[in-house]
Structure formats: structure tokens, C-alpha cells
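Chain by chain, the residues:
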Amino acid sequence: MVIRPLLAALAACVVASAAQAAPADTMRRIGDPKGGIIAIAHRGCHAAAPARKLGTTPENSRAALLRCVAMGVEVMETDVRRTRDGYLVMVHDDSVDRTTDGTGRVADLTLAQIRALRLRDDLGGAGATLTDERVPTLDELLALAKGRIVLNLDVKDAIYGEVVDAVVRAGAVDRVIVKTFAGMGSSPLASMAPYDRVPFAIIPITAAPQAGDVPAIIARQAGGGRRPIAVELPRLPLATLPASVAAARRAGMAVWVNTLFEGFVTDLGGDAAAARDPDAVWGRLADSGVRLIQTDAVEALLDWRRKRSAGTAK
């Protein structure tokens, strides 16, 4: 499928006026323990949404962002890397091989070289259809997201300072969440540059068997006044989830869980299991206190959330 620029422009016009307050409301809801379930689209809304008669779009693309806005997704997770000439671009892998019609490491290519490439549809791969979409820069995606959606920035290189500087220049501090890592030996990050300038989420680096040190990592990162806005839980057993959620609640952090792939809470299941029986996966997470759910199965999550809110979920 070819993603046509005119279609993207029309989508932007349709949703722009209705979504002006969306990022501010999303950030407020993330900080509110009663703010409800927040949908996070992994690399944007690239998967097909058949119930809405929508096809696929390239991951981490402008089209994937606009699709999220049109569907009512609150947060788009997206990946940032740096080109050889110092530009920040939205590419997940360390190379462009999977997602474009080119080859080579992002760090070895200039922006002009990457701009010349066409994005492959959906998750890419050699057999995926080429589209008219191009790799966006961070500046471009921040501008497109303004008034529409919160961006969660997954920083893939050691460029946190550069990413945060770009966010500040764009006036986007109130509509991004930067994710980073913290372990038992990490000092509280909230008072340290560059995390003292933006909302951020920690991903605990766990060394303990069964991820039993996650609650202690959360508590340590909550010290010193400011704190992370959320904790994105690493892979952990279902039995460990209650203690981690309780620690996050005490710390005033929202709990974020990925149901990507086989799922990050073992013994519970991932996106495929959730699509078959959403209450058994997303429902159990929500009942446990998880409010931020990241998924590739965006349409299924949104439909389940709507039914749950209406009291008709099955």
C-alpha cells in the first residue's frame, strides 16, 4: 500500500481541531491515579485496523502518527537515532535495512542519504511494499505531534542531551516522555541533567532473580523531590507484578507494561493472546493497577478499552 501525502494531509485537517487539548489532557491523566487506561502505540499505529477499514502504514512515520491521532491513541512510542552529520532521525534499528529500500548503519549515513530512502510498509522487511513516506527527523515529528499526541521518545544512542535539547527548542517539554534506564546503583535521575528538564519514564535494570529488585529501584528513583512520571516495567513474572505496582503507587508513578510480542509480564501473554481474550491480558493488568499499556495491537486495545469503560467488556 502506498501512503499518499494528500491522504495524510486530509487526516491532519480532520483531526487537528478536535485534538488541540489532547497532549495536555494525556499528561494530566498519566499523573492522575484515576486517569484511566492510556493507550501507547509501539512505533506508532503501523498495523492495520480492519474494523476501521484502515490498512498499514510504515512504523515511526508521519503517517503512523496521524493514524494514531485519528484513532484516538494518546501516546506514540517512537525511536531516535543520530546520523553521521548529527541529525536526529526516527529509526528503530541501528541500520536502515529492514525499514527502507536502502542499506547501512544510521550512524554512517548522512541525513541527505537517509532522506533519499523510501520507507517500507508496516514493520518492513525485504518483502514489504515501498511507500512514499520518508524517514522523519525528530524536529519534524515534534512539530507534527503538536496539539495532537504525546510522544514517548526511546533514545537508541547515547544522545539523551541532544534529544532533550531538541525537545526544549521545539517547545515540546509538556508533551513528551523520554524513557531511560535505572538500576539499583543508579542515583535518582530526576535532579540530574538532562532528566531535570523533561518528563521521563524509567525502565528498571533488574539483576535480581525474578526481578525482585524492581520495587527497590522504583523507590530509589522517587527520592529527592522530583520523580519520573512513570515506570515502564521490564520483563518480570506475574507473581512479581503486585509488589512493583505497589511500589510505583507509593512513589506516585504510573505503571507502564508492554504486551508486545509474548508480553513483558510472563505467564500472562502478549498482544496475540490479548487480541483473542483481552480481559485475560489487558483486563488483568488493569485490575492490577497498570494504566499505561503499550501494544502493536492498537485497534484491539482501543475497542476493549471502550467496552470496559461501558461495562460491556468480555
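Everything numeric here is computed off the predicted structure, so don't read it as measured data.

**Quick look at the pairing of strand 6 (residues 200-204)**
- Burial of strand 6 is extensive: five of the five residues sit out of reach of the surface.
- Because side chains alternate across strand 6, one face comprises the buried residues F200, I202 and P204, and the other comprises A201 and I203, equally buried.
- As paired strands, strand 5 (residues 176-182) and strand 6 are joined by five bridges and run parallel to one another. In the strand pairing of strand 6, T180 is matched with I202.
- Where strand 6 lies against strand 7 (residues 230-232), two bridges are found, and the strand directions are parallel. Looking at the pairing, I202 lines up with V231 of strand 7.

**Observations concerning the confidence of the model for the protein chain**
- Of the residues in the protein chain, 92% have a pLDDT of 70 or more, and the chain-wide mean is 93.
- Across residues 6-10, where pLDDT falls below 50, the model places one contact with residues more than four positions away in sequence or in other chains.
- In this model, residues 12-20 is a region of pLDDT below 50 whose contacts with residues beyond four sequence positions or in other chains number ten contacts.

**Some points on the state of the cysteines**
- Under the counting rule described, the total for this entry stands at one disulfide.
- Across the disulfide from C45 sits C68; the S-S distance is 2.3 Å. Here the S-S torsion is close to 110°, and the disulfide linking C45 with C68 is therefore right-handed. Remark: C68 occurs in helix 3 (residues 62-71) and C45 occurs in the loop between strand 1 (38-42) and helix 3; sequence separation between them is 23 residues. Each member of the pair, C45 together with C68, is buried.

**Some remarks on the packing of helix 3 against helix 5 (residues 138-145)**
- As a packed pair, helix 3 and helix 5 sit with axes 11 Å apart at the nearest point and diverge in direction by 20°. Considering their axes alone, helix 3 and helix 5 lie roughly parallel with respect to each other. Crossing hand, helix 3 versus helix 5: right-handed. Residues R62, L65 and L66 of helix 3 pack against E140, L141, L144 and A145 of helix 5.
- Counted by class, the contact of helix 3 with helix 5 contains five nonpolar, no polar and two charged residues.

**Quick word on the nonpolar core**
- If you look at the biggest cluster of nonpolar residues, it comprises 71 residues, and the most contacted ones within it are L65, V73, L138, L151 and L153.
- Excluding anything up to four places from it in sequence, L138 contacts V80, L88, V89, M90, L153, V163 and A166.
- Among the nonpolar cores identified, the runner-up in size contains 13 residues, and V75, I177, I229 and W256 belong to it.

**As for helix 7 (residues 214-221)**
- Buried within helix 7 we find V214, P215, I217, I218 and Q221. With its buried residues spanning 160° around the axis, helix 7 presents them on a single face.
- Where the residues of helix 7 are buried, they touch strand 5, strand 6, strand 7 and helix 8 (241-251).

**Some points on the pattern of salt bridges**
- Across all of its chains, the model carries 23 salt bridges by this definition.
- Taking the shortest distance from any N to any O, the salt bridge between R62 and E140 comes out at 2.9 Å. Taken together, the residues R62 in helix 3 and E140 in helix 5 connect sequence positions 78 residues apart.
- Of the residues examined, R62 reaches a relative accessible area of 24% and is grouped as partly exposed.

**Here we look at the packing of aromatic side chains**
- Considering all chains together, one arrives at three aromatic pairs under this definition.
- Summarising the aromatic geometry, the rings of W282 and W304 are spaced 6.1 Å apart at their centres and angled 45° between planes, so their arrangement reads as tilted. Taken together, the residues W282 in helix 10 (residues 278-287) and W304 in helix 11 (residues 298-310) connect sequence positions 22 residues apart. Comparing W282 with W304, the two get one shared label, buried.

**With respect to the side chain of T110**
- Inspection of the secondary structure puts T110 in the loop between strand 3 (88-89) and helix 4 (111-115).
- Setting aside anything within four residues of it in sequence, one finds T110 in contact with T83, R84 and D85.

**Remarks on the pairing of strand 2 (residues 75-82)**
- With seven of eight residues buried, strand 2 is to be regarded as a mostly interior element.
- In the sheet, strand 1 pairs with strand 2 via three bridges, with the strands oriented parallel. Within strand 2, the residue paired with H42 across the bridge is E77.
- With respect to chirality, the unit in which strand 1 leads through helix 3 into the neighbouring parallel strand 2 is right-handed.
- Sheet topology places strand 2 next to strand 4 (residues 150-155); six bridges connect them, and they run parallel.

Conventions and cut-offs
Residues numbered from 1 in each chain as written. Predicted model: local features only at pLDDT ≥ 70, side-chain atom pairs only at ≥ 80, totals over all residues. Heavy atoms only, no water. Buried < 20%, exposed > 50% of the residue type's maximum accessible area, 1.4 Å probe, protein only. Helix = DSSP H or I, 4+ residues; strand = E, 2+ residues; numbered from the N terminus. Pairing = 2+ DSSP bridges. pLDDT = per-residue confidence, 0-100. Contact = heavy atoms within 4.5 Å. Disulfide = S-S within 2.5 Å. Axes fitted to C-alpha atoms, helices over the stretch in contact; angles between N-to-C directions. Parallel < 35°, antiparallel > 145°, perpendicular 65-115°, else oblique. Left-handed = near helix turned anticlockwise from the far one by under 90°. Nonpolar A, V, L, I, M, F, W, Y, C, P; charged D, E, K, R; others polar. Core = buried A, V, L, I, M, F, W, Y, C linked by side-chain atoms within 4.5 Å. Arc of directions from axis to C-beta. Salt bridge = Lys/Arg side-chain N within 4 Å of Asp/Glu carboxyl O. Phe/Tyr/Trp six-rings, centres within 6.5 Å; stacked < 30°, edge-to-face > 60°. Right-handed = clockwise from strand over helix to strand, strands pointing away.

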